[in-house]
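Fold and geometry: a report
Residues per chain are reported as follows:
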Amino acid sequence: MHLVDTHCHLDFPELQKDFDEVLARAHSAGVKKFINPGVGIEESRKAVQLSSEHENIFAAVGIHPHEADSVDEKILAELEVLAQNSKVVAIGEIGLDFFKLRNSKEIQIAAFEKQLGLAQKLDLPLIVHAREADAEIFKILDKFPSLRGVLHCFGGDWSFAEKVLERGFFIGLTGIVTFPNAKNVREVAQKIPLEKLLIETDAPFLAPQKFRGQRCEPAFVVEVAEEVARLRGIEISEIAEKTTKNAEELFRI
Ligand code: NI
């Protein structure tokens, strides 16, 4: 079985102490490729560095909405240089977070738009973070109609999922799908066309139900695949095959 963890922060401090074991456990669990998105410029540099050291780790570079106020011409220029590395497969994670609102909506929107411009210029897919910004995210994405990508860590309901799919985006499901009270996300897992599904851990965050409260690591992406398979009444091998194919096509890996 081959799986791709399409969103794990392998560069984060939480995963450094036993990094080699983390990768080994993921490998034993069937995880053959990893995508490590950046959240800030420092993390983007680290993601690119890790991808240069490990054949099966790919990087995305971008500034998360929590750090949107750091986006200036200098940062954009560095992102552009980093993004030209052959192991960089996407711009992300970028987007809007009106839940935590660590930066004003205006600052977040400006940073998002600038990075969308970069993705367009370099012809790279997007890894989008959207929280409590359902309407605004499309308003901005619609200014860049050629761009595609994934709405990562999906936490919305089916009607929002339909809009995401209409826009031609993939949906990334995390361990949230294993939480008994995440009814909306579980419904999306049942209804989404498999050719639009990606799986991810968002490690070190969001450990699935079985490991809830613990540090999350890429090996746990199996739990996501298993739960989606169970909810749909199909074999996990089918989820693995389809989501791996989707990830390989979207990110050209
Ligand atoms: Ni993330």
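Heads up: the structure comes first, above all this text.
Described below are features of the structure shown in this document. The shown structure was predicted, so the numbers you read here are calculated from the model rather than taken from an experiment. (Residues numbered from 1 in each chain as written. Predicted model: local features only at pLDDT ≥ 70, side-chain atom pairs only at ≥ 80, totals over all residues. Heavy atoms only, no water.)

1. A few points about the environment of E43
In this structure, E43 sits in helix α2 (residues 41-53). Taking C-alpha positions, E43 is 18 Å from R102, a pair spaced 59 residues apart along the chain. Setting aside anything within four residues of it in sequence, one finds E43 in contact with D11, F12, G38 and E67. (Helix = DSSP H or I, 4+ residues; strand = E, 2+ residues; numbered from the N terminus. Contact = heavy atoms within 4.5 Å.)

2. Some remarks on the pairing of strand β7 (residues 170-173)
A two-sided burial pattern is seen for β7, the buried positions comprising F170 and G172 on one face and I171 and L173 on the other. Pairing of strand β6 (residues 149-151) with β7, which is carried by 2 bridges, proceeds in the parallel orientation. Bridge pairing in β7 links L151 to I171. In this fold, β6 hands off to helix α6 (residues 158-166), which returns the chain to β7; that crossover is right-handed. Taken together, the 3 bridges between β7 and strand β8 (residues 197-199) define a ladder with parallel strand orientation. Pairing of I171 across the sheet is with L197, part of β8. (Buried < 20%, exposed > 50% of the residue type's maximum accessible area, 1.4 Å probe, protein only. Pairing = 2+ DSSP bridges. Right-handed = clockwise from strand over helix to strand, strands pointing away.)

3. Looking at the pairing of strand β2 (residues 31-37)
Burial of β2 is extensive: 6 of the 7 residues sit out of reach of the surface. In terms of handedness, the path from strand β1 (residues 3-5) via helix α1 (residues 19-28) over to β2 forms a crossover that is right-handed. Pairing between β2 and strand β3 (residues 57-61): 4 bridges, direction parallel. Each bridged residue has a counterpart across the sheet, and for F34 the counterpart in β3 is I57. After leaving β2, the chain enters α2 and then returns to the sheet as β3, a path that is right-handed.

4. Brief notes about the sheet that holds β1
Taken together, the 8 strands give an open sheet; going across it, the order is β1-β2-β3-β4-β5-β6-β7-β8, and neighbouring strands pair in parallel fashion. Both outer strands of the open sheet, β1 and β8, are each paired with one neighbouring strand and no more. Averaged over all pairs of adjacent strands, the angle between their axes in this sheet comes to 30°, without regard to strand direction. (Axes fitted to C-alpha atoms, helices over the stretch in contact; angles between N-to-C directions.)

5. Quick word on the coordination of the nickel ion
Within the protein, the atoms that donate to the nickel ion are H7 (NE2), H9 (NE2), E93 (OE) and D202 (OD), at distances of 2.1 to 2.4 Å. Geometry at the nickel ion is irregular, judged from its 4 donor atoms and the angles of 85 to 174° they form at the metal. Written as a sequence motif, the donor arrangement for the nickel ion is H-x1-H-x83-E-x108-D. Take H7: its relative accessible area is 0%, and that puts it in the buried class. (Donors = N, O, S within 2.8 Å, 3.2 Å for Na, K, Ca; no water. Tetrahedral: all angles 85-135°; square planar, octahedral: opposite > 155°, others 65-115°.)

6. A closer look at the pattern of salt bridges
The tally for this structure, following the rule as stated, stands at 17 salt bridges. A salt bridge links D18 to R215; the nearest nitrogen and oxygen atoms lie 2.8 Å apart. Residue D18 is located in the loop between β1 and α1, and its partner R215 is located in the loop between β8 and α8 (221-232); the two are separated by 197 residues in the primary sequence. With its nearest N and O atoms 3.2 Å apart, the salt bridge here joins K210 to E223. Pair noted here: K210 is in the loop between β8 and α8 and E223 is in helix α8, with a separation of 13 residues, a long-range link. The exposure class assigned to E223 is buried, which follows from its relative accessible area of 15%. (Salt bridge = Lys/Arg side-chain N within 4 Å of Asp/Glu carboxyl O.)

7. So, unusual backbone geometry
Residue E93 is reached from G92 by a cis peptide bond, and omega for that bond is 5°. Positive phi outside glycine occurs at D123, with the angle close to 55°. Inspection of the secondary structure assignment puts D123 in the loop between α4 (105-122) and β5 (126-131). Look at L206: it is not a glycine, yet its phi comes out positive at around 60°. Within the secondary structure, L206 sits in the loop between β8 and α8. Residue classification places L206 among the partly exposed residues on the basis of a relative accessible area of 27%.

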